[in-house]
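Structural characterization, general
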Amino acid sequence: MKKRSIKKVAVLGSGIMGSGIACHFANIGIEVLLLDIVPRELTDKEKAQGKTLEDKSVRNRLVNDSLNASLKSKPSPIYSTKFASRITTGNMEDDMHKIADVDWIIEVVVERLDIKKIVFENVEKYRTDGTLITSNTSGIPIKFMNEGRSEDFQKHFAVTHFFNPPRYLKLFEVVPGPKCDQEITDFLMMYGEKFLGKTSVLAKDTPAFIGNRIGIFGIMSLFHVVKEMGLTVEEVDKLTGPVIGRPKSATFRTVDVVGLDTLVHTANGVADNCPDDEMHDSFAIPDYVNKMMENKWLGSKTRQGFYKKVTDEKGKKQIHALNLNTLEYSLAERPKFATLAATKTIDKVVDRFKVLVKGKDKAGEFYRKIFTALFAYVQNRIPEISDELYRIDDALKAGFGWEHGPFQIWDAIGVEAGIELMKAEGFTPNKWVTEMLANGTTSFYTIKDGAKYYYDIPAKAATKIPGQDAFIILDNIREATQVWSNADASIQHLGDGVLNIEFRSKMNTIGAGVLEAVNKGIDLAEQEYEAVILGNQAANFSVGANLAMAFMLAVEQEYDELSMGTKMFQDTVMRLRYSSCPTLITPRGMTFGGACEMSLHADKVVAAAETYTGLVEFGVGIIPAGAGSKEMTKRVSDLWVKDDVKLNKLRDAFINIAMAKVGTSAYEAFDLGYYQQGKDIVVVNADRQIATAKRYAIQMLEDGYTQPSPQKVKVLGQQALGMFLVGTDSLEKGRYASEHDKKIANKLGYIMAGGDISEPQYVTEQYLLDLEREAILSLFGERKTLERIEHMLKTGKPLRN
């Protein structure tokens, strides 16, 4: 069988999804041809310019406008603006012949079968035999799209359903056509996971596939429960957000973002195409939703939905919420429930479910109703939409941002306990579930020898979930491989002498416990093992140093303790650079402040593409003092350029720190100087990070890793200091910076210039570290700094004073 590789992709249709898909293929280095239809009329602007319908700029207007709008949208669909050059645009009349040279054609036109058939007929004229052809449809049956198509087309045709936005949502549903070769299905599943960074889920050709079938049921069922129980929009969003491992936008805010019309369209599609669904009534649109549709209250796109922003008499912006009974808006309230209060001390979401369903208040009743309905529904979707229960969980986690899928939640409550709750709500457990319990299997999932197993219904036994061997999942191995732990971190032996240091503090903040673990891990690697990885699999690698502890010491004027703590942080970070074993780090999500400083000093960064990193200390009135200011100065010093060029580069580094710039992807972190070309790498699928880091650690050892020796840093002294002082002075005079901003910036400038020295000279790294420590201690003594830190701890937002 010929090896298949993807070098060039054609995307047909440049709407929100088409442009998003094109951008994501560009993200991973693929050349993209993006095509759309030719406009039939000139715009007023084109008429004024004297253009005709034959002008290329007119013929490509739709595709270019769509792509440009996508590239300007936030959050950005592209890892780096440079990657947009990988996308070539055109139209389906002049450029369709170019699809003959691509490896994969993806149709993303409007959801109408007649239009899709016209597109496919046109594709057949130019498509080279053997080329992949897939549709991003969210529900049109493949048998209808296959009608009239050639044998080769059908053998290579499947649905590949991306979720919007394609860069950020991980679900990639693969639905093979009836005549699709197994080799094509296997390739698409592999490609989605390995190259696109997705969770590939094999689905059947049923209405709404897996993700939307279950996800939309969950929302529609909830819509009816809300009305029945008399709950408010704010109450539901409080109950269905992070407390149960769902996004902050919870339910109603999410619907506002997605668009109420989109939800209604999908729900109607399921209702129309699944007349025999036992929960068919749940897909009926409630009266209040129908009224919102009539009023065009569709959410963000119409500036009001379940919520709307208003400005009061004083010009202050407020969020108002919709009353589902009166359909009038009022100031959004902050609801409280005793059941939620009972979970405040439970850090792990999975451990909260048992408590939530036992609640005696309205919240407990709500959870019992929505979870039992969900359990009843998913149990009956096998084998209709999937033969394996884990695929349903994978789809909801990857497509809707749930931390736990339905069967995982059921496991957390207890299968038997879940059945009792279902019966109390009038639901009947499926025969296969009761048979599973009768056979002595008490959970849907089990962990064995570091691998996850699911209950295989036809086999009536636990079966290993395929595809795990490419990953190291810490939850599956932690207990068996742990060699050391404290309250804030643990160390696991991953095999082959490679240790992993996992932060486990709140928000993975770096305090004394984490620093102790890093030092212990390096000690163990230097004495008994071989290499160290700093890796965890939380949503965010770390938000940085433990600011609350530093704030408390500063308020109590324990400056000796602060100095010792800063010195310990610096020394630990420097050990990552100068230990006798390879050190690697696997940042993902938010990787701020002290965590960014650790990344700057590890031998190798294996970053998830979705890593948002930066030295953000300025936002709370301090400077990077965990070797970050020193390191950015050193990186400029290491450049083989003249001093005048170094001065410009030093200014750039200074600005990045002073503006607390954060890379919005790992690739932007290279542009900002936080990661280095030729040394650090990016992994698109974060699930592969630790396994990839382990592979690199072993390679570094096999290549003969040697302990680095300290290098001196060339500082530019008064030449640089003068530049910084003039710059901060002009910013203050122009009212772009406060007096306190200027003070912080001047202290940073003093460090990066190497102090007030008369001419350029070489200094030790320790010299710069001492300047860092001196600067941060003086700033902790400032009232305005403490005000900024307190504001950040209370609100999570920076304060300008």
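All values reported here derive from a predicted model rather than from experimental measurement.

**What about a negative patch on the surface?**
A contiguous patch of negative charge, built from Glu556, Glu558, Asp560 and Glu561, is present on the exposed surface. Structurally, the position occupied by Glu558 is in the loop between α23 (547–555) and α24 (559–578).

**Structural notes on the packing of aromatic side chains**
By the definition in use, this model includes 35 aromatic pairs. With a centroid separation of 6.3 Å and an interplanar angle of 65 degrees, the aromatic rings of Phe25 and Phe162 are classed as edge-to-face. Linking Phe25 in helix α1 (residues 16–27) with Phe162 in strand β6 (residues 157–162), this pair joins segments that are 137 residues apart in sequence. Residue Phe25 shares its accessibility class with Phe162, and that shared class is buried. Each residue in the set Phe353, Phe366, Tyr367, Phe371, Phe375, Phe407, Trp410, Trp432, Phe444 and Tyr455 is aromatic and connected to the rest through ring pairs, giving one cluster.

**Remarks on the pattern of salt bridges**
Within the structure shown, the criterion is met by 52 salt bridges. Between Lys567 and Asp571 there is a salt bridge, with its nearest N and O atoms 2.9 Å apart. Residue Lys567 and its partner Asp571 are both found in helix α24; the two are separated by four residues, about one turn of the helix. Connected via shared salt-bridge partners are Arg40, Glu54, Arg59, Glu93 and Asp94.

**So, a positive patch on the surface**
There is a patch of like positive charges on the surface, built from Lys238, Arg334, Lys336 and Lys344. Counting through the fold element by element, Lys238 comes out in helix α10 (residues 233–239).

**A look at the sheet that holds strand β12 (residues 445–448)**
Spatially, the three strands line up as an open sheet ordered β12-β13-β14, and their pairing is antiparallel. Edge positions in the sheet fall to β12 and β14 (461–464), since each has one partner strand and no second. Here the average twist between neighbouring strands, direction ignored, is 40 degrees. Here four bridges tie β12 to strand β13 (residues 451–456), and the two strands are oriented antiparallel to one another. Within the sheet, the bridge partner assigned to Lys448 lies in β13 and is Ala451.

**Description of the side chain of Lys694**
Topologically, Lys694 is positioned in helix α29 (residues 689–702). At 3.1 Å, the side chain of Lys694 forms a polar contact with the side chain of Asp496. Those residues within four positions of Lys694 in sequence are excluded, and the remaining contacts are Ile472, Leu494, Gly495, Asp496, Val498 and Ile533.

**Describing the pairing of strand β16 (residues 489–493)**
Along β16, four of the five residues are buried, which leaves the element largely enclosed by surrounding structure. Here strand β15 (residues 482–485) hands over to β16 after three residues, the two strands then running antiparallel side by side. Both β16 and strand β17 (residues 498–503) contribute to a ladder of five bridges, which runs antiparallel. Directly across from Ala489, in β17, lies its bridge partner Phe503. If you look at the hairpin formed by β16 and β17, you'll find four residues sitting between the two strands, and Gly495 has a positive phi there, around 100 degrees.

**Looking at the pairing of β14**
Examined bridge by bridge, β13 and β14 share four bridges and lie antiparallel to one another. Within β14, the position partnered with Tyr455 by the bridge is Ala462.

**Some remarks on a nonpolar patch on the surface**
On the surface, a nonpolar cluster with roughly 190 Å² of combined accessible area is contributed by Leu639, Val641 and Val645. Inspection of the secondary structure assignment puts Val645 in helix α27 (residues 643–658).

**Examining the environment of Asn91**
Considering the arrangement of structural elements, one finds Asn91 in strand β3 (residues 87–91). When the C-alpha positions of Asn91 and Val38 are compared, they lie 6.1 Å apart, and in sequence the two are 53 residues distant. Look past the residues within four positions of Asn91 in its chain and what remains in contact with it is Leu35, Asp36, Val38, Arg59, Asn60 and Met96. Here the side chain of Asn91 touches Glu93 through a polar contact of 3.0 Å, landing on its backbone nitrogen.

**Section: the packing of helix α9 (residues 211–229) against helix α12 (residues 260–273)**
Here α9 crosses α12 at 105 degrees, and the two axes come no closer than 10 Å. Overall, the two elements α9 and α12 adopt an arrangement that is roughly perpendicular. Residues Asn212, Arg213, Ile216, Ile219, Met220 and Phe223 of α9 form the contact with α12, whose participating residues are Leu263, Thr266, Ala267 and Val270. Along the lines of polarity and charge, the residues of the contact of α9 with α12 split into seven nonpolar, two polar and one charged.

**What to know about the nonpolar core**
In terms of nonpolar packing, the biggest core is built from 112 residues, with Phe223, Phe306 and Tyr367 touching the most fellow members. Top element by residues in this core is helix α16 (residues 362–379). It accounts for 11 residues. Not counting the four nearest positions on each side in its chain, Tyr367 is found in contact with Leu239, Val243, Ile244, Leu340, Leu356, Val357 and Thr372. Val514, Ala550, Leu576 and Leu672 belong to the second largest nonpolar core, which has 80 residues in total.

**A few points about the packing of helix α26 (residues 628–637) against α27**
The N-to-C vectors of α26 and α27 enclose an angle of 155 degrees; their axes lie 9 Å apart at closest approach. Looking at the two axes, α26 sits roughly antiparallel to α27. α27 is crossed by α26, and the crossing has right-handed handedness. The residues of α27 that touch α26, namely those facing Ser629, Met632, Thr633, Val636 and Ser637, are Lys646, Lys649, Leu650, Ala653 and Ile657. Looking at side-chain class alone, the contact of α26 with α27 contains five nonpolar, three polar and two charged residues.

Criteria and thresholds
Residues numbered from 1 in each chain as written. Predicted model: local features only at pLDDT ≥ 70, side-chain atom pairs only at ≥ 80, totals over all residues. Heavy atoms only, no water. Patch = residues over 30% accessible without salt bridge, like charges linked within 9 Å, V, L, I, M, F, W, Y side chains within 5 Å. Areas by Shrake-Rupley, 256 points an atom, 1.4 Å probe, with all protein chains shown as cover. Salt bridge = Lys/Arg side-chain N within 4 Å of Asp/Glu carboxyl O. Lys, Arg positive; Asp, Glu negative; His and termini not counted. Charge placed at Lys NZ, Arg CZ, Asp CG, Glu CD. Helix = DSSP H or I, 4+ residues; strand = E, 2+ residues; numbered from the N terminus. Phe/Tyr/Trp six-rings, centres within 6.5 Å; stacked < 30°, edge-to-face > 60°. Buried < 20%, exposed > 50% of the residue type's maximum accessible area, 1.4 Å probe, protein only. Pairing = 2+ DSSP bridges. Axes fitted to C-alpha atoms, helices over the stretch in contact; angles between N-to-C directions. Polar contact = N/O pair within 3.5 Å; in protein donor to acceptor, adjacent residues only side chain to side chain. Contact = heavy atoms within 4.5 Å. Parallel < 35°, antiparallel > 145°, perpendicular 65-115°, else oblique. Nonpolar A, V, L, I, M, F, W, Y, C, P; charged D, E, K, R; others polar. Core = buried A, V, L, I, M, F, W, Y, C linked by side-chain atoms within 4.5 Å. Left-handed = near helix turned anticlockwise from the far one by under 90°.

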